[in-house]
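Examining the three-dimensional arrangement
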Amino acid sequence: MILVTGAAGFIGANFVLDWLAQSEEPVVNLDKLTYAGNPENLSSLRDNQAHRFVQGDIGDRALVDQLLREHQPRAVVNFAAESHVDRSIHGPEDFIQTNVVGTFHLLESVRAHWSGLESDAKTGFRFLHVSTDEVYGTLGPNDAPFTETTPYTPNSPYSASKAASDHLVRAYHHTYGLPVLTTNCSNNYGPYHFPEKLIPLLIVNALAGKALPVYGDGMQVRDWLYVKDHCSAIRRVLEAGRLGETYNVGGWNEKPNIDIVKTVCGLLDELRPKSGGGHYFDQVTYVKDRPGHDRRYAIDASKIHKELGWKPAETFDTGIRKTVQWYLDNPEWVAHVQSGDYRNWMGQQYGASA
Ligand code: NAD
Ligand code: DAU
């Protein structure tokens, strides 16, 4: 049994779906169902007894204590977070509350639980914290990619809150010996990505005939990784990562935003040509830049490759094609997210008790 937090969101849902496709080990999924939590992501697990969903906050000590006591997980994988940089600029408070205070409470519950375990269970226990490359700040055009020893210089309220959580996790290992692992990953893309983030926003806006907003000059660089490759890296770190270590995860795939826009638009031109003719790229609109916008991220993923033998299975070409195709094949998911109907899903699915 493992306890996974935030698994109604984009990456956590992909992680649980992949986990249960490959293993019979049950998962308890603790998710608060903020606007980003979409239980519809997990609708294929409806009849799967190995998945138990619990709506709740990682900061709710009584609830987490009870889940740990009741299920005795051998590992906790922490995806739960506020994750969108632009939202953190408009309203940082939720980011501090969940990413910093919530992670602290979760660590306290886990520490108390782990301290009381018998020796074998105690030795085998893991707390894996899922973090981001944004904690390292921004790179110049000729700088080497981030390694695990790059100093933390977070620039947004989001990345500062993730950096704080990473430091807490590290401190719980150093001070209490809690068996922790941390992963710092670059930008993910793939199925179930909430369309506030660049790639799904481009796809759904393009199809709806809306503007494709490009911040500033569109030359900011991100290092894109297909979400299922991130999930396989987390599984590998959980299995074999060295305690107290951090592992950078990335796709060796740096691209300026405007190239992402061109690729997505090109795929849509091919797979769903515009009914009246013309090109989706014509919908691009340059808009005001994000305040404090990090110019470039790039991950050096050689440590996880050398130590644990992990490497991505998808290239950007294969991953982005699958992603665009997934959005074309799942218009209902897109419609429910856009209309807000996904928020009623628990009620529809489970009745008034949900
Ligand atoms: P997401 O916003 O899609 O999902 C976050 C999930 O956490 C949601 O289901 C939400 O309901 C849940 N949640 C929020 N606050 C909670 C709380 N207090 N208690 C319990 N659940 C709560 O995020 P994502 O893109 O899936 O990211 C997951 C994790 O991976 C985050 O920690 C993020 O920092 C990290 N990460 C994301 C990326 C990326 O490109 N998306 C890259 C690297 C790391
Ligand atoms: O690097 C990992 C991080 O990647 C994760 O930790 C975050 O949780 C995740 O949201 C993501 O952060 P970004 O800010 O890089 O992702 P986003 O999709 O918001 O933006 C990607 C780039 O595209 C960024 O340079 C901003 C730009 N952008 C974004 C949006 C939403 C646009 O030009 N227009 C847009 O409308």
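Basis of the calculations
Residues numbered from 1 in each chain as written. Chains lettered and ligands numbered in written order. Predicted model: local features only at pLDDT ≥ 70, side-chain atom pairs only at ≥ 80, totals over all residues. Heavy atoms only, no water. Helix = DSSP H or I, 4+ residues; strand = E, 2+ residues; numbered from the N terminus. Rg over C-alpha atoms; globule rule 2.2 N^0.38 Å. Buried < 20%, exposed > 50% of the residue type's maximum accessible area, 1.4 Å probe, protein only. Contact = heavy atoms within 4.5 Å. Areas by Shrake-Rupley, 256 points an atom, 1.4 Å probe, with all protein chains shown as cover. Lys, Arg positive; Asp, Glu negative; His and termini not counted. Charge placed at Lys NZ, Arg CZ, Asp CG, Glu CD. Near = heavy atom within 4 Å. Polar contact = N/O pair within 3.5 Å; in protein donor to acceptor, adjacent residues only side chain to side chain. Pairing = 2+ DSSP bridges. Axes fitted to C-alpha atoms, helices over the stretch in contact; angles between N-to-C directions. UniProt positions renumbered as here; feature names shortened; annotations may be inferred. Parallel < 35°, antiparallel > 145°, perpendicular 65-115°, else oblique. Left-handed = near helix turned anticlockwise from the far one by under 90°. Nonpolar A, V, L, I, M, F, W, Y, C, P; charged D, E, K, R; others polar.

So, the overall build of the protein
In terms of regular secondary structure, the protein is built from 13 helices and twelve strands. Expected size for 354 residues packed as a compact globule is a radius of gyration near 20 Å; at 20 Å, the protein falls within 12% of this value. Taken over the C-alpha atoms alone, the protein extends approximately 65 × 55 × 35 Å along its principal axes. Expressed as a percentage of its 354 residues, the buried residues of the protein come to 54%. Taking the intrachain contacts of the protein between residues at least 6 apart in sequence as the baseline, contacts between residues at least 24 apart amount to 81%. Carbon and sulfur atoms make up 50% of the accessible area of the protein, which amounts to about 15,100 Å² in all. Across the protein, the 33 positively charged side chains and the 42 negatively charged ones have centroids separated by 1 Å.

Quick word on the site of ligand 2
Surveying the vicinity of ligand 2 reveals 23 residues, the closest of which are Thr 132, Asp 133, Tyr 158, Asn 187 and Arg 290. A distance of 2.8 Å is found between an oxygen atom of ligand 2 and a backbone nitrogen or oxygen belonging to Leu 198. In this structure, a nitrogen atom belonging to ligand 2 sits 2.8 Å away from a main-chain N or O atom of Pro 213. With the chains in place, 94% of the 690 Å² that ligand 2 exposes on its own is no longer accessible.

Details of the site of ligand 1
Every one of the 28 residues lining ligand 1 counts as a neighbour, but Ile 11, Asp 31, Ser 83, Tyr 158 and Lys 162 are closest to it. Contacts to ligand 1 include Ile 11, whose backbone N or O atom sits 2.8 Å from an oxygen atom. Side-chain polar atom of Tyr 158 to an oxygen atom of ligand 1: 2.7 Å apart, as the coordinates give it. When the free accessible area of ligand 1 is taken as 840 Å², the share hidden by the protein chains comes to 96%. Going through the elements one at a time, helix H1 (10-22), strand S5 (126-132), helix H6 (157-176) and strand S7 (187-189) are the ones with two or more residues in the shell around ligand 1.

As for the sheet that holds S7
In spatial order, the strands read S7-S9-S11; together these three strands make up an open sheet with mixed pairing. Edge positions in the open sheet fall to S7 and strand S11 (254-256), since each of these has one partner strand only. For this sheet, the mean angle separating the axes of adjacent strands, direction not counted, is 50°. Of the pairings in the sheet, the one linking S7 to strand S9 (residues 221-226) comprises three bridges and is parallel in character. Looking at the pairing, Asn 188 lines up with Leu 225 of S9. The strands touched by helix H9 (residues 257-271) are S9 and S11; relative to S11, the strand with the most contacts, the crossing angle is about 85°.

With respect to the UniProt feature "domain: NAD(P)-binding" (unreviewed entry) in the protein
The UniProt entry lists residues 3-323 under the feature "domain: NAD(P)-binding" (unreviewed entry), expressed in the numbering used here. Span residues 3-323 is 41% helix and 17% strand, its end C-alpha atoms 28 Å apart.

Focus: the environment of Tyr 176
Note that Tyr 176 resides in helix H6. On the basis of relative accessibility, which here comes to 36%, the residue Tyr 176 falls in the partly exposed class. Sequence separation between Tyr 176 and Arg 111 is 65 residues; the distance between their C-alpha atoms is 8.0 Å. In this structure Tyr 176 touches Arg 111, Trp 114 and Ala 171, once residues within four positions along its chain are discounted.

Details of the packing of helix H7 (residues 198-207) against H9
Running from N to C, H7 and H9 point in directions that differ by 40°, and their axes come no closer than 10 Å. The orientation of H7 with respect to H9, classified from their angle, is oblique. H7 and H9 meet at a crossing whose hand is right-handed. Residues Leu 198, Ile 199, Leu 202, Ile 203, Ala 206 and Leu 207 of H7 touch H9, and the partners they reach there are Asn 257, Ile 260, Val 261, Val 264 and Leu 268. For the contact of H7 with H9, the residue count by class is ten nonpolar, one polar and no charged.

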